[in-house]
Amino acid sequence: MKLRKGMEFSNKSTGHILIYGKKCEDGRLWCIEKKTKRFIKLTLEELTEQYISISERNKLNKEKRSRQSW
């Protein structure tokens, strides 16, 4: 997954939204919670396991809707 500054991620279970900031020197990622404006440091594994990008979620929903018929 290619990370870009400003990318939004949604938690798979709770729905909280994070905004990706940048990668730190120790390998962790700086993120900001959208609602509370708190800074969070996550590893890449935590981000990929617990969160899904908003654009990826929209893409999956679009595919699901395209196969539905009236």
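Owing to the predicted nature of the structure, the values given are computational and were not obtained by experimental measurement.

> Summarise the overall build of the protein; cite the residues concerned and give the values.
Counting secondary structure elements, the protein contains two helices and five strands. Ordered by position from the N terminus, the helices and strands of the protein form the series β-β-β-β-α-β-α. Expressed as a percentage of the 70 residues in the protein, the buried residues total 24%. For the protein, the proportion of contacts with a sequence separation of at least 24, taken over those separated by at least 6, is 31%. When the accessible surface of the protein is totalled, it reaches about 5800 Å², and 50% of it is carbon and sulfur. In the protein, which carries 18 positive and 9 negative side-chain charges, the distance between the mean positions of the two groups comes to 8 Å.

> Break down the sheet that holds strand β1 (residues 8-11) for me, citing the residues and quoting the values.
The five strands are arranged β4-β3-β2-β1-β5 in an open sheet whose pairing can be described as antiparallel. A strand with exactly one partner marks an edge of an open sheet, and here the two such strands are β4 (39-42) and β5 (51-53). For this sheet the average axis-to-axis angle between neighbouring strands, irrespective of direction, equals 40 degrees. In this sheet, strand β3 (residues 29-33) lies alongside strand β2 (residues 17-23) in antiparallel orientation, the contact comprising five bridges. Looking at the pairing, Lys23 lines up with Leu29 of β3. Against the sheet, helix α2 (residues 54-66) engages β1 and β5, with an angle of about 75 degrees to β5.

Conventions we followed
Residues numbered from 1 in each chain as written. Predicted model: local features only at pLDDT ≥ 70, side-chain atom pairs only at ≥ 80, totals over all residues. Heavy atoms only, no water. Helix = DSSP H or I, 4+ residues; strand = E, 2+ residues; numbered from the N terminus. Buried < 20%, exposed > 50% of the residue type's maximum accessible area, 1.4 Å probe, protein only. Contact = heavy atoms within 4.5 Å. Areas by Shrake-Rupley, 256 points an atom, 1.4 Å probe, with all protein chains shown as cover. Lys, Arg positive; Asp, Glu negative; His and termini not counted. Charge placed at Lys NZ, Arg CZ, Asp CG, Glu CD. Pairing = 2+ DSSP bridges. Axes fitted to C-alpha atoms, helices over the stretch in contact; angles between N-to-C directions.

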